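Secondary and tertiary structure notes
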Amino acid sequence: RELVARVKAMLRRADLRPPPTGAQADGGLITSGNLRVEMNSRKVLLDGEVVKMKPREFDLLALFARHPGKAFTRDDILERIWGTKDNIDQRTVDVHVRWIRQKIEQGAGTPRRIITIRGHGYRFEG
């Protein structure tokens, strides 16, 4: 069962469809204002400057950027990015979102890109 769950999670993460609305996509590139997410090279640029991201941070940002306006629950994020929601604290998602915000938001105290949906999860505003 674990192998099947992991394979399904990997297939979900490999979803390379372009974003439905909001952010503009060009192949492996997603842009949202001054933010560029280069999927193929796994690079993030803010105002043309490279932003260093850890692998899970990049995966999480890429998930959000591919689906602007879509609300994700913490459990959904854990399954898509970590491959499971079992034995992982949901606060792990909150910590990773905070790290991403510190890197891409103007003011982490007033986020404009990754919005918290109280009691639910997060949404990316493209």
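Structural data are supplied above this passage.
Residues numbered from 1 in each chain as written. Predicted model: local features only at pLDDT ≥ 70, side-chain atom pairs only at ≥ 80, totals over all residues. Heavy atoms only, no water.

What follows covers the pairing of strand 7 (residues 114-117). Pairing of strand 7 with strand 8 (residues 121-124) involves four bridges; the strand directions are antiparallel. Of the residues in strand 8, the one forming a bridge with Ile 114 is Phe 124. (Pairing = 2+ DSSP bridges. Helix = DSSP H or I, 4+ residues; strand = E, 2+ residues; numbered from the N terminus.)

The next point concerns the nonpolar core. In this structure, Val 37, Met 53, Leu 61, Phe 64, Ile 77 and Ile 114 are the most contacted members of the largest nonpolar core, which totals 27 residues. Where this core is concerned, the elements lending two or more residues are strand 3 (35-38), strand 4 (43-46), helix 2 (55-66), helix 3 (74-82), helix 4 (91-104) and strand 8. It is helix 2 that provides the largest number of residues to this core, a total of seven residues. Each residue touching Met 53, except ones within four places of it in the same chain, is listed here: Val 44, Phe 58, Leu 61, Ile 100, Lys 103 and Ile 104. (Core = buried A, V, L, I, M, F, W, Y, C linked by side-chain atoms within 4.5 Å. Buried < 20%, exposed > 50% of the residue type's maximum accessible area, 1.4 Å probe, protein only. Contact = heavy atoms within 4.5 Å.)

In the contact formed by helix 2 and helix 3, the axes pass within 10 Å of each other and the chain directions differ by 120 degrees. Classified by the interaxial angle, the pair formed by helix 2 and helix 3 is oblique. Viewed along their axes, helix 2 and helix 3 form a crossing whose handedness is right-handed. Counting all contacts with helix 2, which are made through Arg 56, Asp 59, Leu 60, Leu 63 and Phe 64, the residues of helix 3 involved are Ile 77, Arg 80, Ile 81 and Trp 82. (Axes fitted to C-alpha atoms, helices over the stretch in contact; angles between N-to-C directions. Parallel < 35°, antiparallel > 145°, perpendicular 65-115°, else oblique. Left-handed = near helix turned anticlockwise from the far one by under 90°.)

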